[in-house]
Amino acid sequence: MIKMRDFRLKEYIITFLCVITLNFFIPRLMPGDPFTFLSSEEGQVNTSFSQEDIERYKEYYGLDKPLIKQYSDYILKLFRGNLGYSIAYKEEVLTIIKRRISWTLFLVIISTILSSIVGVILGSISAYLKDSFIDKFLYLGFIILSETPSFLIGLLLMFYFAAQLKLFPLSGGMTLFIEFSSTGEKIYDILHHATLPVISLTVTGAGSFYLLARNSMIHILEKDYIRTARGKGLGKVRVIFVHAFKNAMPPVITRILLSLGSVLGGGILVENLFKYPGIGSLMREAVFLRDYPLIQGIFVVMTIFVLSMNYIADIIYKKLDPRVN
C-alpha cells in the first residue's frame, strides 16, 4: 500500500516536471516577445520601443541569455518559491495570481458543489427508475449536456438572460465605480455577476456526476440488502438516500475532488466569455502580452492545484474503499 502510494507520488512529480518544462518553452515558441506586444493594440504587432530599448529590457530580464541558461535559472527560482516578476504589470507574479485566483476558486468550488448535488440526486432517482421514461429522458439530456462545452452554454445564457432579458450583467465580477451602502449589497452584486458563469459550469459539470451516480446506484440497488429493504416495505426515498446512497458515495466523493481540477479548465473559457476577473482572463492577457513569467506562473499554480486534487482524491478513495490498492 505504501509502495503504491510512493509510486503514485513519483508519477505526480514526474508529471509536474514535464509540465513546467513545456510551460517554459511553449511561450517562447509563440511569435513575438513581451516588448513587441507590450504597448500594442489587440491584433497588431507594433511596438513603441526602439531596438536599443528592447535589447536593454531583454538584458534586464535575462531574456538575452541562451534558452538552457534561462531554463536553469527558471527552475532554480521556481523551487525557491519565486514565480518571477511580471514584465507587463511590473509586479511579482505570485502577488498578481493571489489577487485573481480567489475569483476563479469561487466559481470552481460553487459550481462543483452545485453540479455534484444536482447530478447525484437526479442520477440516484434515474437509477431507481431504470428503463422508465424519466430515466431515458434524463440519461439522454445529461449525455448531451456532458458533451457540450461550458462556454457554449454560457454564450446561450448570456444572449438570452443578459442581453435580451437584461436580468444579469453581461460581464465583469462586480459593478465598478460604485460605493456599496453595505457589505450585503456588495455580496449580492458579486453573486449577481457570478450567476451566469456558475450556471454555465454547473450545467456541463452535472452530467458526469449524473452518469457516475446512476451507474453506481444501479449496481448498489441490485444488492441483496437493498432487496431486503424493499421487502420490508421501506419507502423509495429511504431506500435510495439511506441504504443505497452511502454505499455509492466513494466514487462520487472522489469525482468531486477530480472535478475541482477539470472545472478549472472550463472556467478559463467561461471567464473570458464573461470577462470575469479570474485566472482565465489573466491568462488571456498574459498570452496576448507575451508576458513569459506571468504565463509560466499561472500554469504552475494550475498544475499544482490539479495534481494536488488528484492526489488527495486517490488517498480519500482508498480510505473510503479499502479494497482499492
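Please refer to the structure placed before this passage.
None of these values were measured; they are calculated from a predicted model.

Asks: Even after reading the chapter, I still don't get the pattern of salt bridges, so can you show me in this structure?
Replies: Side-chain pairs of opposite charge can arise where the charged atoms are in close proximity. If you walk through the whole model with that rule in mind, you get five salt bridges. Residues Asp73 and Lys69 are paired through a salt bridge, measuring 3.4 Å at the closest nitrogen-oxygen approach. Linking Asp73 with Lys69, this pair stays in helix H4 (residues 67–78), spanning four residues, or about one helical turn. Overall, the relative accessible area of 40% leaves Lys69 in the partly exposed class. When the shortest N-O distance is used, the salt bridge between Glu285 and Arg100 registers 3.3 Å.

Asks: Even after reading the chapter, I still don't get helix H11 (residues 279–288), so can you show me in this structure?
Replies: Structural remark: α-helix, 3.6 residues per turn; residues separated by three or four positions point the same way. When we look at burial in H11, the residues that qualify are Ile279, Gly280, Ser281, Leu282, Met283 and Ala286. Downstream of H11 by one or two residues, Arg290 has phi in the positive range, about 55°.

Asks: Hey, could you run me through the packing of helix H6 (residues 133–146) against helix H8 (residues 183–221) in this one?
Replies: When two helices pack together, their arrangement is given by the angle between the helix axes and the distance between those axes. One can describe the packing of H6 onto H8 by two numbers: an axis separation of 8 Å at closest approach and a directional angle of 130°. By the angle between their directions, the pair H6 and H8 is classed as oblique. For H6 against H8, the interelement crossing comes out left-handed. Facing Asp135, Leu138, Tyr139, Phe142, Ile143, Leu145 and Ser146 of H6, the residues of H8 in contact are Val203, Thr204, Ala206, Gly207, Ser208, Tyr210, Leu211 and Arg214. A per-class count over the contact of H6 with H8 returns nine nonpolar, four polar and two charged.

Analysis parameters
- Residues numbered from 1 in each chain as written.
- Predicted model: local features only at pLDDT ≥ 70, side-chain atom pairs only at ≥ 80, totals over all residues.
- Heavy atoms only, no water.
- Salt bridge = Lys/Arg side-chain N within 4 Å of Asp/Glu carboxyl O.
- Helix = DSSP H or I, 4+ residues; strand = E, 2+ residues; numbered from the N terminus.
- Buried < 20%, exposed > 50% of the residue type's maximum accessible area, 1.4 Å probe, protein only.
- Axes fitted to C-alpha atoms, helices over the stretch in contact; angles between N-to-C directions.
- Parallel < 35°, antiparallel > 145°, perpendicular 65-115°, else oblique.
- Left-handed = near helix turned anticlockwise from the far one by under 90°.
- Contact = heavy atoms within 4.5 Å.
- Nonpolar A, V, L, I, M, F, W, Y, C, P; charged D, E, K, R; others polar.

Everything listed here is a matter of coordinates, which is why it stays silent on function.
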